[in-house]
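Structure assessment
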Amino acid sequence: MPMLGSLRRLALTPSFAGVGFSARGFPVRATDATRRLEAIPQAVLCGFEWAIEVRAGWEVERRLEMVEPELRGFAYEGAAMAYTVRDAMAGGRGHRARDLLRGAGRPHTFLTYIGIGFAMARLPRFLWRNVLPDLNGVPYYPTMSWLAVDGYGFDRAYFETERWVTRQGRPAPYPWQGRADYFPRAVDQGIGRALWFIHGGVSPDVAAAVRRFATGRQADLWSGVGLAATFAGGSDADGLAVLRRAAGDRLPQLAQGAVFAAKARDFAGFVPAHTGLATGVLTGMTVPAAAALADDVAADGFAAGPEPAYEIWRQRVEAQLASLLHGTPSER
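Report on the accompanying structure.

**Regarding the nonpolar core**
- With 108 residues, the main nonpolar core has Met 144, Trp 176, Trp 196, Phe 197, Trp 222 and Trp 313 as its most contacted residues.
- When residues in this core are grouped by element, the largest group, 11 residues, is from helix 5 (residues 69-89).
- Those residues in contact with Phe 197 that lie beyond four places of it in its chain are Phe 21, Phe 26, Val 28, Leu 37, Ile 40, Pro 41, Phe 154, Tyr 158, Ala 228 and Ala 232.

Below, the structure written as structure tokens:
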């Protein structure tokens, strides 16, 4: 075990037990569903530890490919986090993250962006300007790179819950993709995802947590909840139906998150049963139909305007879903 890798791991990550819900102090009752949710941050940690310590990229990728398909993307997420840290420590001259995202990690593009955000949570802001590698030619670049900011928000809410959830802290703006004004909103989308884990996928508790935030933040939080519920699982059909009803007028935002999750699972080539279930309950669509919707509304591209392309994409999905679900336009 290389000494430098061991030091980086000890300095940057919690213990394996430390990412568990009990250790984090989350108000969660242990069930089979919550234990499955807990396996997700543990898979991220495995990917991080392999990539922070092992010198040979082929060996890291071999280990990642041995993770069961449902959790494999999360392990790649952890590896992207580690490689982003290693590249930053190399003065921005490293290319490990770029090679991973262009290569073996390409099917997990959506999650590897989130892994970059996890690294941002552990790096000083002056290093952020180099964390996003050049991914020209990789699908959804740079539009989907806002998922890195989402990942940053998830990390802060998961590991500093008192500050970001209980006291509802907000980050200082940062000009990600030149849009400092949108940065806090993308962070809120990640906080919404974290609420699903913090409350163990229990829909009434998750909904109550969202409602405790200021009204103007709730649309983005609901979007994050929908993404987590659909991609990560953790609820049965009855619980998802409760979640759908609880969203009320924010159902298009909840469903938009579910559509992006369905697209991410479809793009990775493995769709677990819980993703199909959640997509159906929250959107009324199948996973292939939801993935096609995400692509169809982006087919003509995104002209420069007052909103980032990522937000325009989200709004187009919401508008389609509002028509399908309510028969009326979505109000943000």
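There's plenty left to go through after this.
**Remarks on the packing of aromatic side chains**
- Inspection of every chain in the model, using the stated rule, returns 20 aromatic pairs.
- Considering the side-chain rings of Trp 128 and Tyr 152, the 5.2 Å spacing of their centres and the 70° angle between planes classify their relative orientation as edge-to-face. Linking Trp 128 in the loop between helix 7 (109-120) and helix 8 (146-159) with Tyr 152 in helix 8, this pair joins segments that are 24 residues apart in sequence. Both residues of the pair, Trp 128 and Tyr 152, belong to the buried class.
- Ring geometry for Phe 154 versus Phe 197: centroids 5.4 Å apart, planes at 90°, classification edge-to-face. Here the residue Phe 154 occupies a position in helix 8, and Phe 197 occupies one in helix 10 (residues 183-198), the gap between them amounting to 43 residues. Neither Phe 154 nor Phe 197 differs from the other in exposure class; each is buried.

**Some thoughts on the layout of surface pockets**
- Each pocket or cavity is described by its volume, and for the second largest pocket that value is around 150 Å³.
- Lining the second largest pocket are 13 residues, and of these Thr 161, Val 165, Thr 166, Ile 198 and His 199 sit closest to its centre.
- In terms of residue count, helix 9 (residues 161-166) provides more of the lining of the second largest pocket than any other element does, three residues in total.

Criteria and thresholds
- Every chain is numbered on its own, with residues counted from 1 as its sequence reads.
- Restriction of local features to residues with pLDDT of at least 70 applies here, the model being predicted, together with a cutoff of 80 or more for giving and counting side-chain atom pairs; totals for whole chains, interfaces and linings are based on all residues.
- Only hydrogens and water are set aside; all other atoms, that is, all heavy atoms of the structure, feed into the side-chain values.
- Side-chain atoms within 4.5 Å are what join buried Ala, Val, Leu, Ile, Met, Phe, Trp, Tyr and Cys residues into a set we call a nonpolar core.
- Remark: exposure states derive from per-residue accessible area (1.4 Å probe, protein chains only) relative to the maximum for the residue type, with buried under 20%, exposed over 50%, and partly exposed in between.
- The numbering of helices and of strands both runs from the N terminus, where a helix is a DSSP run of H or I of at least 4 residues and a strand a run of E of at least 2.
- In what follows, a contact means two residues having at least one pair of non-hydrogen atoms within 4.5 Å.
- In this scheme Phe, Tyr and Trp rings, the latter by its six-membered ring, pair at centre separations within 6.5 Å, and the angle between planes marks the pair as stacked below 30 degrees, edge-to-face above 60, and tilted otherwise.
- Here a cavity denotes a set of grid points, spaced 1 Å apart and computed over the protein atoms alone, in which a 1.4 Å probe fits but from which it cannot get out, and a pocket denotes an open set meeting protein on both sides within 12 Å along at least five of seven lines; residues with an atom within 4 Å of a point are reported as lining.
- Grid points are joined across faces, edges and corners, and a volume is the space filled by probe spheres set on the points.

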